[in-house]
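Examining the three-dimensional arrangement
Spelled out from the first residue to the last, the chains are:
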Amino acid sequence: MTFDYENAVRELHAKEEIRDLVLSYCEAIRNRDIELLITLYTPDAKFGSMGSGEDGLRSMAEATMEQLEFAVILVTNHRITFLSKSEAKGEVWARCYAQNKREGYYEQLIRYTDLYEFSKSQNLDKENWKFKHRRHDLWFGQSKESPLMLPPADWPKNNIGLGRDPLSDEAIQNLRE
């Protein structure tokens, strides 16, 4: 039996593109960037009661990000299984550190169950991997005291306190006032 190097390289390349897709999702959430989020999904992606396509995604994103002041998602344990040359499924575990106006600061443990599709980008001829479906399974969310109200750390002088980047974020500046 011979090893199929061409297929192996194709799958490795596809896995890296899919991992980048997940990291771009984290970036879109961190920056509260709905336009970037829209580019990560197929045009026919479904969002439950919010609808499908760009309108459904925009409704879901606006509903979940409207009150969001800050969010960082750290991903790990990403397993990708190919269903065909243009479809894959994945499971991604994540830890989210976030704060919104209604609930305050919280930490979450999340499992994302994904379907990916290799498809053409909107308004481009280039094909790349997109989310066809992304299910957010919350394992738990825990309320905690907000670290955004800590005094500046002035790192490297101190390891405890708020860092330079959060202090420069306009949403966090507004919160601290």
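Note: the structure precedes this text.
What counts, and where the lines are drawn
Numbering of residues starts from 1 in each chain and follows the order in which that chain's sequence is written. Confidence filtering applies because this is a predicted model: local features only for residues at pLDDT of at least 70, side-chain atom pairs given and counted only at 80 or more, and all residues used for totals across whole chains, interfaces and linings. Side-chain descriptors were evaluated using all non-hydrogen atoms of the structure, hydrogens and water having been removed beforehand. Note on aromatic contacts: the rings of Phe and Tyr and the six-membered ring of Trp form a pair at centre separations within 6.5 Å, being stacked when their planes are under 30 degrees apart, edge-to-face when over 60 apart, and tilted otherwise. Residue burial is assigned from relative accessible area. The probe radius is 1.4 Å, only protein chains are included, and a residue is buried under 20% of its type maximum, exposed over 50%, and partly exposed in between. Helical segments are the DSSP runs of H or I of at least four residues, strand segments are the runs of E of at least two, and each set is numbered from the N terminus. Geometrically, a charge over a ring is one whose NZ (Lys) or CZ (Arg) sits within 6 Å of the ring centre while staying within 35 degrees of the ring normal. By nonpolar core we mean a set of buried residues, namely Ala, Val, Leu, Ile, Met, Phe, Trp, Tyr and Cys, connected to one another through side-chain atoms within 4.5 Å. Every helix has an expected span of 1.5 Å times one less than the residues it contains.

**Details of the packing of aromatic side chains**
One pass over the full model with this rule turns up ten aromatic pairs. Judged by centre distance (5.1 Å) and plane angle (65°), the ring pair of Tyr41 and Phe47 falls under edge-to-face. Pair check on accessibility: Tyr41 and Phe47 agree, each one buried. Between Tyr41 and Phe131, the aromatic rings sit 5.1 Å apart at their centres with planes inclined by 35°, giving tilted as the arrangement. Here Tyr41 is found in the loop between α2 (34-39) and α3 (53-65), whereas its partner Phe131 is found in strand β4 (residues 127-143), with 90 residues between them in sequence. Overall, Tyr41 belongs to the buried group, its relative accessible area being 5%. Ring pairing ties together the aromatic residues Tyr25, Tyr41, Phe47, Tyr112, Tyr116 and Phe131, which thus form one cluster. Sitting above the plane of the Tyr25 ring, Arg134 keeps its charged end 4.4 Å from the centroid. Sitting over the face of the ring of Tyr112, Arg134 holds its NZ or CZ atom 3.9 Å from the ring centroid.

**Re the nonpolar core**
Core analysis: the biggest nonpolar cluster contains 34 residues, and Tyr25, Ile29, Leu37, Tyr41, Ile73, Tyr116 and Phe131 have the highest contact counts within it. Elements supplying a minimum of two residues to this core: α1 (5-30), α2, α3, β1 (68-82), β2 (87-100), β3 (104-120) and β4. By residue number, the principal contributor to this core is α1, which donates eight residues. Grouped together as the second largest cluster of nonpolar side chains are five residues, Phe70, Tyr105, Leu162 and Ile172 included.

**What to know about unusual backbone geometry**
In this structure, Pro156 follows Trp155 across a cis peptide bond, with omega equal to 15°. Relative to the helices and strands, Pro156 is located in the loop between β4 and α4 (164-168). Phi at Arg32 is positive, roughly 55°, even though this residue is not glycine. Residue classification places Arg32 among the partly exposed positions, given a relative accessible area of 27%. If you check the backbone angles, Asn77 has positive phi at about 50° while not being a glycine. Relative to the helices and strands, Asn77 resides in strand β1.

**Description of α1**
Taking 1.5 Å of rise per residue, the 26 residues of α1 would be expected to cover 38 Å, and the 37 Å separating its terminal C-alpha atoms lies within 8% of that figure. The complete set of buried residues in α1 reads Ala14, Ile18, Leu21, Val22, Tyr25, Cys26, Ala28 and Ile29. Remark: Arg32 follows α1 within two positions and exhibits a positive phi of approximately 55°.

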